[in-house]
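Examining the three-dimensional arrangement
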Amino acid sequence: MTFPADHPNLSGNAGTARFRRDLLVAGHNGRILTEAIGRPLIRAEQAAQSYRAAADRAALERRGAPSRRWLRVQAGLCHRRARIAADEAALAAEQNQPDQATTWATLADRYAKAARHLAHPVLDRATAIGKLRAAADALDPSALSPLSGIPLFSVDSGRQALANAQRGEGPVLMHVNAVAVELLLFACYAEGRAETGYHVATYAVRALDRARKSAPENQAEAMDPQALAVAFELTEQALDAAEAVTAPTP
């Protein structure tokens, strides 16, 4: 999937997105995945606030301008987030989720713009302030707010992964992780919107995590059948809740 013309080299890879999700979801009860992918608009807003605060501080204090090293680090951070968003957009497009693909593509574009501003050579305090404000504007919530109501999870992908895990088609752990990803993304969406769905999803995620931990060391596929059965039952309930939350209003 290719993105806006002003960033011709920013293309995503669906396979990389899947690999990243599988890597992140298994640790810390999914907290790392939630932080990296689950609430992308909030992360962008926080980054914008940070850059705007740094610009205000630099304007008020003669020695308050950030160092070139700090700006380079922030440019690298924005570039990494742009890459994650581009990969997620490619995955959404592959899964025929145009709204989600648009959300991620827009984020990739915004982060890439912020990275360009922050990576620009800074020779004086005034230039640094201008670049910080430009980076903050690129990630401004008002530009991204129309995307806030779009769910980033896929019920269909969750159901497919669950079915594959139940039938034992391929590596069960891979399918368990894929289901957990969709439930974590649903939990992020449901929090504050559909509290019952949020709690059902978090229960299911914890059950999946317990099933993963039931496997003996170095035998990740040998999960306890009873733990898996409980996790699968809770997962079905959570996916039903996710489908109900996103169902069109009659």
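Residues numbered from 1 in each chain as written. Predicted model: local features only at pLDDT ≥ 70, side-chain atom pairs only at ≥ 80, totals over all residues. Heavy atoms only, no water.

**Comments concerning the overall build of the protein chain**
Secondary structure assignment for the protein chain yields 11 helices and zero strands. When the helices and strands of the protein chain are placed in sequence order, the string is α-α-α-α-α-α-α-α-α-α-α. Across its three principal axes, the protein chain shows a C-alpha extent of roughly 65 × 50 × 35 Å. Look at the contacts in the protein chain between residues 6 or more apart in sequence, and 76% of them connect residues 24 or more apart. Surface accessibility of the protein chain: about 12700 Å² in total, with carbon and sulfur atoms responsible for 52%. Of the side chains in the protein chain, 29 bear a positive and 27 a negative charge, and the two mean positions are spaced by 12 Å. (Helix = DSSP H or I, 4+ residues; strand = E, 2+ residues; numbered from the N terminus. Contact = heavy atoms within 4.5 Å. Areas by Shrake-Rupley, 256 points an atom, 1.4 Å probe, with all protein chains shown as cover. Lys, Arg positive; Asp, Glu negative; His and termini not counted. Charge placed at Lys NZ, Arg CZ, Asp CG, Glu CD.)

**Let's talk about the nonpolar core**
With 75 residues, the main nonpolar core has Leu33, Tyr51, Leu107, Leu118, Leu139, Val176 and Leu183 as its most contacted residues. Broken down by element, the residue count for this core peaks at 12 residues, all from helix H9 (residues 172-190). (Core = buried A, V, L, I, M, F, W, Y, C linked by side-chain atoms within 4.5 Å. Buried < 20%, exposed > 50% of the residue type's maximum accessible area, 1.4 Å probe, protein only.)

**Quick notes on the packing of helix H8 (residues 155-167) against H9**
Running from amino to carboxyl end, H8 crosses H9 at an angle of 155°, the nearest separation of the two axes being 8 Å. The angle between H8 and H9 places the two elements in the roughly antiparallel class. By crossing handedness, the relation of H8 to H9 is classed as left-handed. Touching Ser157, Gly158, Ala161, Leu162, Asn164 and Ala165 of H8 are Val172, His175, Val176, Ala178, Val179 and Glu182, all from H9. For the contact of H8 with H9, the class distribution of residues is seven nonpolar, four polar and one charged. (Axes fitted to C-alpha atoms, helices over the stretch in contact; angles between N-to-C directions. Parallel < 35°, antiparallel > 145°, perpendicular 65-115°, else oblique. Left-handed = near helix turned anticlockwise from the far one by under 90°. Nonpolar A, V, L, I, M, F, W, Y, C, P; charged D, E, K, R; others polar.)

**Focus on the side chain of Glu182**
Position of Glu182 among the secondary structure elements: in helix H9. According to the relative accessible area criterion, Glu182 is buried, its value standing at 6%. Among residues more than four places away in sequence, those in contact with Glu182 are Arg21, Phe153, Ser154, Ser157 and Gly158.

**Description of the side chain of Arg43**
Looking at where Arg43 falls in the secondary structure, it is placed in helix H3 (residues 40-60). It is Glu35 that comes nearest to the buried, bridge-free Arg43 among opposite-charge side chains, at 6.1 Å. Beyond its immediate chain neighbours, meaning those up to four positions away, Arg43 contacts Glu35, Ala36, Arg81 and Tyr111. (Salt bridge = Lys/Arg side-chain N within 4 Å of Asp/Glu carboxyl O.)

**Describing the confidence of the model for the protein chain**
The predicted model of the protein chain averages 88 in pLDDT, with 93% of residues at 70 or higher. Within the protein chain, the element-level pLDDT minimum falls on helix H7 (residues 141-144), averaging 79, and the maximum on helix H11 (residues 225-246), averaging 95. In the model, residues 1-8 has pLDDT below 50 throughout and makes 21 contacts with residues more than four positions away in sequence or in other chains. (pLDDT = per-residue confidence, 0-100.)

**Topic: empty space enclosed by the protein**
As enumerated under the stated definition, the model contains two cavities of 30 Å³ or more in all. Every residue along the wall of the largest cavity is listed here: Ala36, Pro40, Arg43, Arg81, Ile84, Ala85, Trp104, Leu107 and Tyr111. Residue assignment for the lining of the largest cavity shows that the elements contributing at least two residues are H3, helix H4 (68-94) and helix H5 (98-119). For the lining of the largest cavity, the class distribution of residues is seven nonpolar, no polar and two charged. Roughly 50 Å³ of internal volume is contained in the second largest cavity. (1 Å grid on protein atoms, 1.4 Å probe; cavity = no way out; pocket = protein on both sides within 12 Å on 5 of 7 lines; lining within 4 Å. Points joined across faces, edges and corners; volume = space filled by probe spheres on them.)

**Things to note about the packing of aromatic side chains**
What describes a pair of aromatic rings is the distance from one ring centre to the other and the angle between the planes of the rings. Taken as a whole, this structure holds three aromatic pairs when the rule is applied. Arranged with centres 6.2 Å apart and planes meeting at 85°, the rings of Tyr51 and Trp70 form a pair that is edge-to-face. With a gap of 19 residues between them, Tyr51 in helix H3 and Trp70 in helix H4 connect regions that are remote in the sequence. Accessibility expressed as a relative area gives 1% for Tyr51, which makes it buried. Classification of Trp70 by relative accessible area gives partly exposed; the value is 28%. Ring centres of Phe153 and Phe186 lie 5.2 Å apart, and the angle between their planes is 70°; this geometry places the pair in the edge-to-face category. With Phe153 in the loop between H7 and H8 and Phe186 in helix H9, this residue pair connects regions lying 33 residues apart in the sequence. Classification of Phe153 by relative accessible area gives buried; the value is 5%. (Phe/Tyr/Trp six-rings, centres within 6.5 Å; stacked < 30°, edge-to-face > 60°.)

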